Amino acid sequence: MAWLTGGQALVQSLLREGVDTIFGIPGVQLDWAYNALYDAGDKIRVIHCRHEQATAYMADGYARSTGKVGVYLVVPGPGVLNTTAALSTAYACNSQVLCLTGQIQSDAIDVGRGLLHEIPDQIGLLGHLTKWAGSALAPAEIPGLVHEAFRQMRSGRPRPTAIEIPPDVLMAQREVELRDPLPPTVETGDPALLKQAAEILGKAEKPLIIAGGGVLSAAAWEELRTLAELLEAPIAMTANGIGALPSSHRLAVSFVGLPQLLAEADAVLAVGTRLVGLRNRKVEPRPGVPLVRIDADGAQFYRTTPPTLGIVADAKPALNSLIDLVPGQNRSRPDRSAEVAAVKAWIAEDMGTLEPQATYGRALREELPDETIFVTESTQVGYWLSFGGLPVEQPRTFIGSGYQGTLGNGFPTALGAQVGNPDRRVVSINGDGGFMFNVQELATAVQHEIPLITIVFDDGAYGNVRRMQEQLYGNRTIASELKNPSFAALGEVFGLQGLRAVGPDELRQALRAALAHKGPSLIEVPVGAMPMIFTHMLARMDARR
Ligand SMILES: Cc1ncc(C[n+]2csc(CCOP(=O)(O)OP(=O)(O)O)c2C)c(N)n1
Ligand SMILES: [Mg+2]
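Conventions we followed
Residues numbered from 1 in each chain as written. Chains lettered and ligands numbered in written order. Predicted model: local features only at pLDDT ≥ 70, side-chain atom pairs only at ≥ 80, totals over all residues. Heavy atoms only, no water. Near = heavy atom within 4 Å. Polar contact = N/O pair within 3.5 Å; in protein donor to acceptor, adjacent residues only side chain to side chain. Areas by Shrake-Rupley, 256 points an atom, 1.4 Å probe, with all protein chains shown as cover. Helix = DSSP H or I, 4+ residues; strand = E, 2+ residues; numbered from the N terminus. Nonpolar A, V, L, I, M, F, W, Y, C, P; charged D, E, K, R; others polar. Donors = N, O, S within 2.8 Å, 3.2 Å for Na, K, Ca; no water. Buried < 20%, exposed > 50% of the residue type's maximum accessible area, 1.4 Å probe, protein only. Axes fitted to C-alpha atoms, helices over the stretch in contact; angles between N-to-C directions. Parallel < 35°, antiparallel > 145°, perpendicular 65-115°, else oblique. Left-handed = near helix turned anticlockwise from the far one by under 90°. Contact = heavy atoms within 4.5 Å.

## Side note on the site of ligand 1
In the vicinity of ligand 1 lie 16 residues, with T379, Q380, D432, G433 and G463 positioned nearest. Between an oxygen atom of ligand 1 and a side-chain N or O atom of T379, the distance comes to 2.6 Å. Here a nitrogen atom of ligand 1 sits 2.9 Å away from a polar atom, N or O, in the main chain of G405. Coverage of ligand 1 by the protein amounts to 75% of the 590 Å² it exposes when considered alone. Secondary-structure elements contributing two or more residues to the shell around ligand 1 are α16 (380–389), α18 (432–435) and α20 (463–472). The residue inventory of the shell around ligand 1, partitioned by class, reads five nonpolar, nine polar and two charged.

## Quick notes on the coordination of the magnesium ion (ligand 2)
Looking at the metal site, the magnesium ion (ligand 2) is ligated by D432 (OD), D459 (OD) and A461 (O), spaced 2.0 to 2.2 Å from it. Positions of the donor residues of the magnesium ion (ligand 2), expressed as sequence spacing, correspond to D-x26-D-x1-A. Residue D432 is located in helix α18, and its partner D459 is located in the loop between β18 (453–458) and α20; the two are separated by 27 residues in the primary sequence. Of the two residues, D432 and D459, both sit in the buried class.

## Things to note about the packing of helix α3 (residues 52–66) against helix α5 (residues 84–92)
At a minimum axis distance of 7 Å, the contact between α3 and α5 shows a crossing angle of 20°. The orientation of α3 relative to α5 falls into the category roughly parallel. Where α3 crosses over α5, the two elements pack in a sense that is left-handed. Where α3 abuts α5, its residues Q53, A56, Y57, D60 and R64 lie against A85, A86, T89 and A90. By residue class, the composition of the contact of α3 with α5 is five nonpolar, two polar and two charged.

Below, the structure written as structure tokens:
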């Protein structure tokens, strides 16, 4: 037992879980929490931002690039509401993000008196946006809640969690029993079903594996590779699964090759993926071809293509079981490298004709080492990268916004990834529209010496929207033109290295200058309108199915 304030109980519990970084913005209801962070000294680094949405995006980038939990701490009501787009992105991307927020004083919650930052049913709101949310009504409850939040994030499908703590609870000093972290629950999967799966895959002539983001959150990339090599099975990586296998691997293909591979496969294993295709198209094998699905969240099976065999399990132990079981069932197969190489070749050729995206994409890959972490946005060059245009060699080095498609998440998410990876460089790819959603965090990059390389492709528009208005609505452009500042100058004003690069060759030079610079850089790239990748590639994908 220790005699602690609620704030100290919170900070001590976080330390026991191994937390060493918190993103946040303080305010009166949180004084006793920030005061306890002051006590913790350099055991916890506190990164304060300029808008709450960035605190949560940074926690998400930190979590997805490191595999650790990302924690943020913001005031209740408007503060936590400012983080909701980021929370839904973390939810969509199976990210381990812990939202810590305050409340109004505990005896007034949900009374409707109208106290500072009061909103009705805050815990209900948090419950909707997370996997699990809890309220602390006494300091003694805090260690248990923190440990449960971490257990939830580390067990099953890893999604965000939240804890709210009223100011009187953060302030009260009581006897508190600190606890050791709760062990995660590991779901190994039904052995009988795993055996059946090994039989189905082992006897197939042309098995196919589809790998989603679940493989990355479960850190199961080694197991995936071993199983694919055992089965001589191509692996199609979804947009969220990019990095699960190195792009250069002889069996690795981007999801662009999926319709063709599905048309040819006689057994399919889908691991950690929703099986939602581009533009909500179905992802399904030919009729009669068995589909084995492995997912930590069994409910997911019946939301899209139902499996022939559904195994609820964490990807790592389930793939390990298959690695043990398959050799006993496995037929011999010819080397499939040439077959996969042919698929990769037409994808590369078709992606390569989409200009100027392709030349910019190649410049990025060639100038930046494999360990560089890319964070993309809803912008034209970003789409090209996430269609597998960018070869990605290492897991957790490619981060997108998942099915939320959250415009504006990229820059702060990249800042968080850079905080979590001080030994390598992170690159943030933005359009002029999305970048301005969180432009204020340039100050955070400078204040906390976060050496991020930020690129802004400036076409003077919400380009995606403007193109649609031009092409589909007879040039009736509305609310899509943007008058921008000079981004290079803006970067300089904030204290970054500001660079302007006209064309891919100048972008290469600017990237070299950014890599040579110790601090953060902002590279402005003026561009014109770009062609749309979705119709360009969808037509080619359909032609091969
Ligand atoms: C939070 C949010 N708001 C709005 C949108 C709709 N949206 C998608 S792309 C886009 C325009 C993006 O403009 P920009 O960042 O400049 O990239 P560009 O297409 O010009 O390369 C908009 C408004 C969205 N996806 N998310
Ligand atoms: Mg734009």
